[in-house]
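The chain contents come next:
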Amino acid sequence: VCLNLWFEGEAEIPFPAPLEADRFDHRVCNIVRILRQRPAELRAFCKVWYSDTMVQSLRDAFEECQDLDAAIDLHVEEMTAIQ
């Protein structure tokens, strides 16, 4: 399952505009800039940061079954390895 968390219906704009340095902590701006340039790290960050949200969205989207439990277990295993 691939979640595009920034997609807002505009395929021409795959990412939101860069964070404005004068409105946000410069460290946060640097982290976001680096993550945008490194998709694997962005995916890992999102897997940890949004872990509970992803699990709940899987439960909301699919009926209870062994495959769903296995998918959630895999997600949790990957997230734990990243941490």
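Residues numbered from 1 in each chain as written. Predicted model: local features only at pLDDT ≥ 70, side-chain atom pairs only at ≥ 80, totals over all residues. Heavy atoms only, no water.

Moving on: the overall build of the protein. When helices and strands are counted, the protein shows four helices and zero strands. In the protein, once contacts between residues fewer than 6 apart in sequence are set aside, the share between residues at least 24 apart is 38%. (Helix = DSSP H or I, 4+ residues; strand = E, 2+ residues; numbered from the N terminus. Contact = heavy atoms within 4.5 Å.)

If you trace the backbone, serine 51 turns up in helix α3 (residues 51–61). By relative accessible area, serine 51 is classed as buried at 6%. Sequence-distant contacts of serine 51, defined by excluding residues within four places in its chain, comprise Cys46, His75 and Met79. (Buried < 20%, exposed > 50% of the residue type's maximum accessible area, 1.4 Å probe, protein only.)

The full count for this structure, using the stated rule, is five salt bridges. In this structure, the salt-bridge partner of glutamate 20 is arginine 23, at a minimum N-O distance of 3.9 Å. Glutamate 20 gets classed as partly exposed once you look at its relative accessible area, which sits at 40%. According to the relative accessible area criterion, arginine 23 is exposed, its value standing at 57%. Between arginine 43 and glutamate 78 there is a salt bridge whose closest N-O contact spans 3.7 Å. A residue pair is termed long-range when its members are at least 10 positions apart, and arginine 43 in helix α2 (residues 39–49) and glutamate 78 in helix α4 (residues 66–82) qualify at 35 residues. When its relative accessible area of 29% is taken as the criterion, glutamate 78 is described as partly exposed. (Salt bridge = Lys/Arg side-chain N within 4 Å of Asp/Glu carboxyl O.)

To continue, consider the packing of α3 against α4. Where α3 contacts α4, the axes come no closer than 10 Å and their chain directions differ by 170°. Accordingly, the angle class assigned to the pair α3 and α4 is roughly antiparallel. Contacts between α3 and α4 involve Ser51, Met54, Val55, Leu58 and Arg59 on the former and, on the latter, Leu68, Asp69, Ile72, His75 and Met79. Looking at the contact of α3 with α4 residue by residue, the class counts come to six nonpolar, two polar and two charged. (Axes fitted to C-alpha atoms, helices over the stretch in contact; angles between N-to-C directions. Parallel < 35°, antiparallel > 145°, perpendicular 65-115°, else oblique. Nonpolar A, V, L, I, M, F, W, Y, C, P; charged D, E, K, R; others polar.)

Further remarks concern the packing of aromatic side chains. If you walk through the whole model with that rule in mind, you get one aromatic pair. Centre to centre, the rings of phenylalanine 45 and tryptophan 49 are 5.5 Å apart; their planes meet at 15°, and the pair counts as stacked. Linking phenylalanine 45 with tryptophan 49, this pair stays in helix α2, spanning four residues, or about one helical turn. With relative accessibility at 35%, the residue phenylalanine 45 sits in the partly exposed group. (Phe/Tyr/Trp six-rings, centres within 6.5 Å; stacked < 30°, edge-to-face > 60°.)

For the rest of this paragraph, the subject is α3. Within α3, burial applies to Ser51, Met54, Val55 and Leu58. Along the axis of α3, the buried residues cluster in a sector spanning 100°; they form a single face. Along α3, exposed side chains directed more than 90 degrees from the buried face belong to Asp52, Thr53 and Asp60. (Arc of directions from axis to C-beta.)

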